[in-house]
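Examination of the molecular architecture
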Amino acid sequence: MDRLAQLKQHIGKEFTQSPSPFMKWLNPVILSAEEGQLEFQYIIRHEWLNPAGNLHGGITAAIIDDIIGATMFSLNENSFITTINNVIDYFSTAKENDIIVAETTIIKRGKQFVNAQCEIWNSDKTRIIARGTSNLFKINN
């Protein structure tokens, strides 16, 4: 089964088949999956909070990096695609037990490089929490 089909098979469920132990720890629910576009849902857990009781910026960055990585997984390429950099803008906060939604798009897909974006929203998508862009590099196996 191709990788995109694996993702689609888990729509509405946790992605228990992820090859990433980190993604399993984040425990997202897949809301939608298309080639180069994913939408995952997360529930903010206590250990994800900063001292002020808000979603920690490092967890936000990790979610963005992880779901963009899964977006590369959805492309079914033979190359491993690794992150070169992440640029993240933080706009709002989320609290413990809040539901957030992360959605990705590919801005540019070249022969060696990919530029992708992730936006994290509150559950009804009325408030953006963060937006990140990444440049990624295809490593031939």
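Residues numbered from 1 in each chain as written. Predicted model: local features only at pLDDT ≥ 70, side-chain atom pairs only at ≥ 80, totals over all residues. Heavy atoms only, no water.

Going by what an unreviewed UniProt entry lists, the protein chain is known as PaaI family thioesterase and is assigned to Chryseobacterium cheonjiense.

A few words on the pattern of salt bridges. When their charged atoms lie close together, side chains carrying opposite charge are able to pair. Taken as a whole and assessed by the stated rule, the structure comprises eight salt bridges. A salt bridge links Glu 35 to Arg 109; the nearest nitrogen and oxygen atoms lie 3.0 Å apart. Of this pair, Glu 35 sits in the loop between strand S1 (29–34) and strand S2 (37–43) while Arg 109 sits in strand S4 (residues 99–109); the two residues are 74 residues apart in sequence, bridging distant segments of the chain. The shortest N-O distance in the salt bridge between Glu 39 and Lys 125 comes to 2.4 Å. Residue Glu 39 is located in strand S2, and its partner Lys 125 is located in the loop between strand S5 (113–122) and strand S6 (128–139); the two are separated by 86 residues in the primary sequence. A network of salt bridges, in which partner residues are shared, links Glu 35, Glu 77, Arg 109 and Lys 138. (Salt bridge = Lys/Arg side-chain N within 4 Å of Asp/Glu carboxyl O. Helix = DSSP H or I, 4+ residues; strand = E, 2+ residues; numbered from the N terminus.)

Moving on, we get to unusual backbone geometry. Non-glycine residue Asn 27 carries a positive phi angle of around 60°. Within the secondary structure, Asn 27 is located in the loop between helix H2 (21–26) and S1. For Asn 76, which is not glycine, the phi dihedral falls at a positive 55°. By relative accessible area, which is 29% here, Asn 76 ends up partly exposed. (Buried < 20%, exposed > 50% of the residue type's maximum accessible area, 1.4 Å probe, protein only.)

Right, let's talk about the packing of aromatic side chains for a bit. One pass over the full model with this rule turns up six aromatic pairs. Each member of the aromatic cluster is reached from another via a ring pair, and the members are Phe 22, Trp 25, Phe 40, Tyr 42 and Trp 48. The side chain of Arg 45 reaches across the aromatic face of Trp 25, ending 4.7 Å from its centre. (Phe/Tyr/Trp six-rings, centres within 6.5 Å; stacked < 30°, edge-to-face > 60°. Lys NZ or Arg CZ within 6 Å of the ring centre and 35° of its normal.)

Attention shifts here to the nonpolar core. Ranked by size, the top nonpolar core spans 34 residues in total, and within it Phe 40, Tyr 42, Ile 63 and Ile 100 carry the most contacts. Among the elements that take part in this core, helix H3 (residues 57–73) stands out by supplying eight residues, more than any other. With near-sequence residues (within four places) excluded, Tyr 42 lies in contact with Leu 26, Pro 28, Trp 48, Ile 63, Ile 67, Asp 98, Ile 99, Ile 100 and Ala 102. (Core = buried A, V, L, I, M, F, W, Y, C linked by side-chain atoms within 4.5 Å. Contact = heavy atoms within 4.5 Å.)

Below, the discussion takes up the UniProt feature "domain: Thioesterase" (unreviewed entry) in the protein chain. Feature annotation in UniProt assigns "domain: Thioesterase" (unreviewed entry) to the following positions: residues 53–127. Taken end to end, residues 53–127 is 23% helix and 43% strand, and its two terminal C-alpha atoms sit 18 Å from one another. (UniProt positions renumbered as here; feature names shortened; annotations may be inferred.)

The topology assignment puts Thr 105 in strand S4. Taking the C-alpha atoms as reference points, Thr 105 and Glu 119, 14 residues apart in sequence, are found 8.9 Å from one another.

Attention now goes to the environment of Ala 52. By the secondary structure assignment, Ala 52 is in the loop between S2 and H3. Taking the C-alpha atoms as reference points, Ala 52 and Ser 79, separated by 27 residues in sequence, lie 41 Å from one another.

Moving on: H3. With 17 residues, H3 extends 24 Å between its outermost C-alpha atoms, agreeing within 8% with the 24 Å of an ideal straight helix rising 1.5 Å per residue. Of all 17 residues in H3, twelve are buried, a share of seventy percent or more. Residues Ile 59, Thr 60, Ala 62, Ile 63, Ile 64, Asp 66, Ile 67, Ile 68, Ala 70, Thr 71, Met 72 and Phe 73 constitute the buried set of H3. (Expected span 1.5 Å × (residues − 1).)

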